[in-house]
Amino acid sequence: MEDSIKKSKDIGKLSTLRIENERINNTRNLLAGSRTPQAAEILRLLRDKYPELNKLALFLVGKFNMTEMIPEVCSCLAVPGIRSDACAVLESMGRAPARELGRFYLTSASNLSARKAALLILGKSCSEENAGFLLEIVLSNIRQLKEAALDGLINCGYKTGGKEKERLYKLIYETFGLLSWITDIKAGLFSYGRNELAREVDKEYMRWESFLYNLLTLTYGDLPNHSEGIANDEIDDDYGRMIYAMAKIVFGDNRIKDSQSFTDAKKEQGRQRKFQKYFPSSASSLKKIYDDLINCDYNLIGVWTKANAVRDIPGIVDDDIAESVVALLFSPEDLLQEEAARSIAGSGRELYNAAAERIPERARNKLESIITGILEEKELMFEKVKFL
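Residues numbered from 1 in each chain as written. Predicted model: local features only at pLDDT ≥ 70, side-chain atom pairs only at ≥ 80, totals over all residues. Heavy atoms only, no water.

Caption draft 1: How the structure looks around helix 14 (residues 286-295). Among the 10 residues in helix 14, 7 count as buried, and that is most of the element. Buried within helix 14 are the following residues: Leu286, Ile289, Tyr290, Asp291, Asp292, Leu293 and Ile294. (Buried < 20%, exposed > 50% of the residue type's maximum accessible area, 1.4 Å probe, protein only. Helix = DSSP H or I, 4+ residues; strand = E, 2+ residues; numbered from the N terminus.)

Next up, the structure:
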């Protein structure tokens, strides 16, 4: 009886596979032909459960330049398996998808990857309307989207006008302030001998430094080397002179930017002293540095750097640090949940037990296995990312 059931299931699978292959071959023949398919045909293929048919549908839209299907192609940006194909098709249509991409961006607030893909496409079409839209994104809050929008404007060689420059001045000043704060963090970590964490924080500095470079280029023009300052006609006021001076602090040392190098303690302290004139600060304890990194806005310091900060904590012996680490058990990021559990496990179960009942069951089961040591270190997401 069991053999008969198994044989029947196998026959069913073979039949399904045969039908799928026939549909794929038929669609490929359509792609090779000269007949423009009906919109209804494309919709059926895009809604099919087989990714291969979804891709072929996108290729058909691209080949026959079916601009009436742009909204459906935009919706494919939300599907990871076919996102790159959807991008290629939309890019091939030039400026035609611009308005629909803007609409898709605004209605896809929960999908960061899809929104970023839409911005990257808009950044390649270089229309005046797109430039205005991208500039608004640069002035928004989400880091990855700001970077993508700014890259698009730089790619198009967009030149800002007087009112637009005034809006960018505040962001430029804030970015200098952020770099000053990161410099304080790095200098502090070096002084406490936490060099590995300083290396990770330095990557954040370099990322924001690159953003600032593009921001200055967008505002003041295409300058080959900002360490030489801003063009003379841009520094006829106190603000311009201040930006000129701070640009020399950030870009003046011509530091080597490869993945293996980062500035030493002495150089960081020198940059920190220069920044003090514009952003006064005082030395922070190591506890304060950990706390600042863990609790910092995700749009300022990335998840990976936060995870490294949690892992670097030698032991949870302070109530403030304990509160910050326990809060990460409720983070939407699995990586931070795991690292928080690992850190808490090394300091006893009491902290975990106090929060366990409030943790959703799915997450709680995994965190329990970390706390109890059932889950091996090599199975943690942190270790897998390092290995890759």
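After presenting the structure, the write-up continues.
Caption draft 2: Fine view of the pattern of salt bridges. By the definition in use, this model includes 26 salt bridges. Ionic pairing is found between Glu41 and Arg35, a salt bridge with its closest N-O pair at 3.3 Å. For Glu200, the salt bridge identified is with Lys203, shortest N-O distance 3.4 Å. With a gap of 3 residues between them, Glu200 and Lys203 both fall in helix 11 (residues 195-220), about one helical turn apart. For Glu200, a relative accessible area of 11% puts it in the buried group. The exposure class assigned to Lys203 is partly exposed, which follows from its relative accessible area of 44%. Shared partners join several salt bridges into a network, and the residues in it are Arg311, Glu339, Arg342, Glu377 and Glu383. (Salt bridge = Lys/Arg side-chain N within 4 Å of Asp/Glu carboxyl O.)

Caption draft 3: How the structure looks around a positive patch on the surface. A cluster of like positive charges, contributed by Lys248, Lys266, Arg273 and Lys274, occupies part of the molecular surface. For the positive patch, the leading source of residues is helix 13 (residues 265-275), giving 3 residues. On the basis of relative accessibility, which here comes to 41%, the residue Lys248 falls in the partly exposed class. (Patch = residues over 30% accessible without salt bridge, like charges linked within 9 Å, V, L, I, M, F, W, Y side chains within 5 Å. Areas by Shrake-Rupley, 256 points an atom, 1.4 Å probe, with all protein chains shown as cover. Lys, Arg positive; Asp, Glu negative; His and termini not counted. Charge placed at Lys NZ, Arg CZ, Asp CG, Glu CD.)

Caption draft 4: Quick peek at the state of the cysteines. One pass over the full model with this rule turns up 1 disulfide. Covalent S-S linkage joins Cys126 and Cys156, the inter-sulfur distance amounting to 2.1 Å. Taking the sign of the S-S torsion, about -85° here, the bridge from Cys126 to Cys156 comes out left-handed. Taken together, the positions of Cys126 in the loop between helix 7 (112-125) and helix 8 (128-138) and Cys156 in the loop between helix 9 (143-155) and helix 10 (162-191) put the pair 30 residues apart, joining distant regions of the chain. Judged by its relative accessible area of 31%, Cys126 is partly exposed. (Disulfide = S-S within 2.5 Å.)

Caption draft 5: A look at the packing of helix 2 (residues 39-46) against helix 3 (residues 51-63). For the pair helix 2 and helix 3, interaxial distance at closest approach is 7 Å and the crossing angle is 150°. Comparing the axis directions of helix 2 and helix 3 gives the class roughly antiparallel. As for how helix 2 packs across helix 3, the hand of that crossing is left-handed. Facing Ile42, Leu45 and Leu46 of helix 2, the residues of helix 3 in contact are Leu53, Asn54, Ala57, Leu58, Leu60 and Val61. Its residues assigned to classes, the contact of helix 2 with helix 3 comprises 8 nonpolar, 1 polar and no charged. (Axes fitted to C-alpha atoms, helices over the stretch in contact; angles between N-to-C directions. Parallel < 35°, antiparallel > 145°, perpendicular 65-115°, else oblique. Left-handed = near helix turned anticlockwise from the far one by under 90°. Contact = heavy atoms within 4.5 Å. Nonpolar A, V, L, I, M, F, W, Y, C, P; charged D, E, K, R; others polar.)

Caption draft 6: Unusual backbone geometry, seen in detail. Even without glycine at this site, Asn65 takes up a positive phi of about 45°. According to the relative accessible area criterion, Asn65 is partly exposed, its value standing at 44%. Located in the positive-phi region is Cys126, a residue other than glycine, with phi close to 55°.

The values are spatial; any link to function lies outside them.
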